[in-house]
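Close look at the chain arrangement
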Amino acid sequence: MKLLVVLSRFPYPLEKGDQLRAYHQIKALSAFYELHLFCVNDRPVPAAHLQALIPYCASVCVGTTGGWFSRLGQVLRFWRQGRPLQCAYFYSRRTKRRFDRYYARVAPDLLLSQLVRTMPYTADKPVFKILDYQDVFSYGMYKRYQVARGLRRWVFRYEYHALLRAEKRAFSQYDLCTIISEQDRDALPLDHAQQMRVRIWRNGVDTDYFKPVPPPTDRMFDIVFAGNMGYQPNEDAAEYLVQRLQPALAQQGLSVDMLLAGTSPTYIVRRLASDTVTVTGWIRDMREAYASGLMLVAPMRLGTGMQNKLLEAMACGLPCIASEIAVRGLGDFGDCPVQAVPLSFDNDRVPELLVETVGRYLADAALRAELGRQGRAFVLKYYSWSAQAANLKTWTDGFVFSGSRLG
């Protein structure tokens, strides 16, 4: 059976959350389907990156989004139509024609469209279609709009409402919709009955790769935070760690060294660097970052979805502390060993629970080791890419040729 996967960006290297999710989904789904891949990308894909997908794909086709002048035209056109600007950013008419030809040549039995960004390419196709929302983009945009100022506030407000409309429309245009967590499903702009028809398709972790490794011989850090540092929710969390948590710990007599590890740090993140804060930029092997810390702290206040940083850190045996919004993304499992802390923009004080927990972890190596062991066991129990791919196969079996929606 042929499965055509459509992405808004090439899934390699694994620098961003949607790339990581797509790459491992493709790898796992290739065990069940003859898999064909269409990607939109803002530049030609290097041959080495293409080679990373060849073992799992019967064919790969890439369409580029065009230059900035072309993108500006698309943005204006989508804005006049009340459609999401991020859909415009990833769309070009030339690439749509290229996709239509590729679709006709592949003649798939199933189509998997990742993110609402790909809807302009796939929504019109007469085949059993799956839309992977991944996250609730509208909810994340709402939270950004609430704290933005000036022009950014106007843009985020427009995008929030446009994404609401797109997410509602997706439910009616696709035969099956999936999402990353219960938290995200419950935030979709749908009624309760519709939300319950959206299937939970969790992320997984490559536990053969992400596993405890010996710590590096050079500098060790008390606190590690990892992720795409060009992503505003991560930028906000990095600022919180350095400007709020570090001073609060110092008031308790705790001097901590922090590592902010991840690709594309913004100017705001780069200026956080100091004698006690290291900003790495891109890292070839994230396991080294996890191994160099005593704990991972993820004070996320923006964004939704599952935090891959928590899964990877737990798989590497690192104890984790995170905001409630980040922990909820892991699912409703009673044995989750991540310490959840309430954080919000409404309270300037650093929660005592956060300061107390960090202090307790710093002081007790045996506790850190036990929580690290529990974290890896949790990931092994619940987060397997192959099991998640098998879920999709189960959901679609029997419905592909029936002409019915899966609910």
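This report concerns the structure included in the present document. Since this is a predicted model, take the numbers as computed values, not measurements.

1. Remarks on the sheet that holds strand 2 (residues 34–41)
With respect to topology, seven strands assemble into an open sheet ordered 3-2-1-4-5-6-7, the strand pairing being parallel. Looking along the sheet, the strands with just one partner apiece sit at the ends: strand 3 (59–64) and strand 7 (199–200). Sheet analysis places strand 2 next to strand 3, joined by six bridges and oriented parallel. What sits directly across from His36, in strand 3, is Ser59. Strands in contact with helix 5 (residues 93–106) are strand 1 (2–7), strand 2, strand 3 and strand 4 (110–114); relative to strand 3, the strand with the most contacts, it is inclined by about 165°.

2. What to know about the pairing of strand 1
The side chains of a regular strand alternate between the sheet's two faces. Burial within strand 1 is extensive, with five of its six residues counted as buried. When strand 1 meets strand 2, the two strands line up parallel, connected through six bridges. Residue pairing for strand 2: Lys2 is matched across the bridge by Glu34. Where the polypeptide runs from strand 1 across helix 1 (residues 17–29) and back to strand 2, its parallel neighbour, the crossover connection is right-handed. Summarising the sheet, strand 1 and strand 4 pair through four bridges and their orientation is parallel. Residue pairing for strand 4: Val5 is matched across the bridge by Leu112.

3. Comments concerning the pattern of salt bridges
This structure, assessed with the given rule, holds 17 salt bridges. When salt bridges with common partners are traced through the structure, they connect Lys96, Asp100, Asp124 and Lys125 into a single cluster.

4. A few points about unusual backbone geometry
Of note, the bond from Tyr12 into Pro13 is cis; its omega dihedral lies within 30 degrees of zero at 5°. Secondary-structure assignment places Pro13 in the loop between strand 1 and helix 1. One non-glycine residue, Leu115, lies in positive phi territory at about 75°. Considering the arrangement of structural elements, one finds Leu115 in the loop between strand 4 and helix 6 (119–122). A positive phi angle, close to 65°, is found at Gln134, a residue other than glycine. Topologically, Gln134 is positioned in strand 5 (residues 128–134).

5. Re the nonpolar core
Ile223, Leu245, Leu260, Tyr290, Val297, Leu354 and Val358 are the most contacted members of the largest nonpolar core, which totals 59 residues. Of all the elements, helix 11 (residues 232–251) adds the most residues to this core, at eight residues. Judged by nonpolar contacts, the second largest core, of 28 residues, contains Tyr33, Leu35, Val45 and Leu176.

6. With respect to the pairing of strand 8 (residues 221–226)
The buried fraction of strand 8 is high, at six of six residues. With three bridges joining them, strand 8 and strand 11 (residues 293–298) adopt parallel strand pairing. Each residue of the ladder has a partner; that of Val224, found in strand 11, is Leu296. As judged from the four bridges shared by strand 8 and strand 9 (residues 258–261), these two strands associate in the parallel manner. Pairing of Ala226 across the sheet is with Ala261, part of strand 9. One crossover worth recording links strand 8 to the parallel strand 9 by way of helix 11, and it is right-handed.

7. So, the layout of surface pockets
Its boundaries defined by the atoms lining it, the second largest pocket holds a volume of some 370 Å³. Taken together, 22 residues line the second largest pocket, and the ones lying closest to its centre are Arg9, Gln19, Asn41, Asp42 and Arg43.

8. Comments concerning helix 18 (residues 385–396)
With twelve residues, helix 18 ought to run about 16 Å at 1.5 Å a step, and its terminal C-alpha atoms sit 17 Å apart, in line with that. Trp385, Gln388, Ala389, Leu392, Trp395 and Thr396 are the residues of helix 18 that are buried. Along the long axis of helix 18, the arc covered by the buried residues comes to 115°, so they all point the same way. Residues of helix 18 that are buried make contact with helix 1, strand 4, strand 5, strand 6 (176–179), strand 7 and helix 17 (365–382).

9. Looking at the packing of aromatic side chains
One pass over the structure, following the stated rule, counts 18 aromatic pairs. Taking 6.5 Å as the distance between ring centres and 65° as the angle between the ring planes, the aromatic pair formed by Phe210 and Tyr290 counts as edge-to-face. One end of the pair, Phe210, is in the loop between strand 7 and strand 8; the other, Tyr290, is in helix 13 (residues 286–291), and 80 residues separate them in sequence. The exposure class of Tyr290 is buried, given its relative accessible area of 2%. Three or more aromatic residues joined by ring pairs make a cluster, and in this case those are Phe38, Phe78, Tyr91, Phe99, Tyr102, Tyr103 and Tyr121. The ring of Tyr89 carries Arg71 above its face, with NZ or CZ at 4.0 Å from the centroid. Directly above the aromatic system of Tyr103 lies the positively charged group of Lys125, at a separation of 5.3 Å from the ring centroid.

Rules used throughout
Residues numbered from 1 in each chain as written. Predicted model: local features only at pLDDT ≥ 70, side-chain atom pairs only at ≥ 80, totals over all residues. Heavy atoms only, no water. Pairing = 2+ DSSP bridges. Helix = DSSP H or I, 4+ residues; strand = E, 2+ residues; numbered from the N terminus. Contact = heavy atoms within 4.5 Å. Axes fitted to C-alpha atoms, helices over the stretch in contact; angles between N-to-C directions. Buried < 20%, exposed > 50% of the residue type's maximum accessible area, 1.4 Å probe, protein only. Right-handed = clockwise from strand over helix to strand, strands pointing away. Salt bridge = Lys/Arg side-chain N within 4 Å of Asp/Glu carboxyl O. Core = buried A, V, L, I, M, F, W, Y, C linked by side-chain atoms within 4.5 Å. 1 Å grid on protein atoms, 1.4 Å probe; cavity = no way out; pocket = protein on both sides within 12 Å on 5 of 7 lines; lining within 4 Å. Points joined across faces, edges and corners; volume = space filled by probe spheres on them. Expected span 1.5 Å × (residues − 1). Arc of directions from axis to C-beta. Phe/Tyr/Trp six-rings, centres within 6.5 Å; stacked < 30°, edge-to-face > 60°. Lys NZ or Arg CZ within 6 Å of the ring centre and 35° of its normal.

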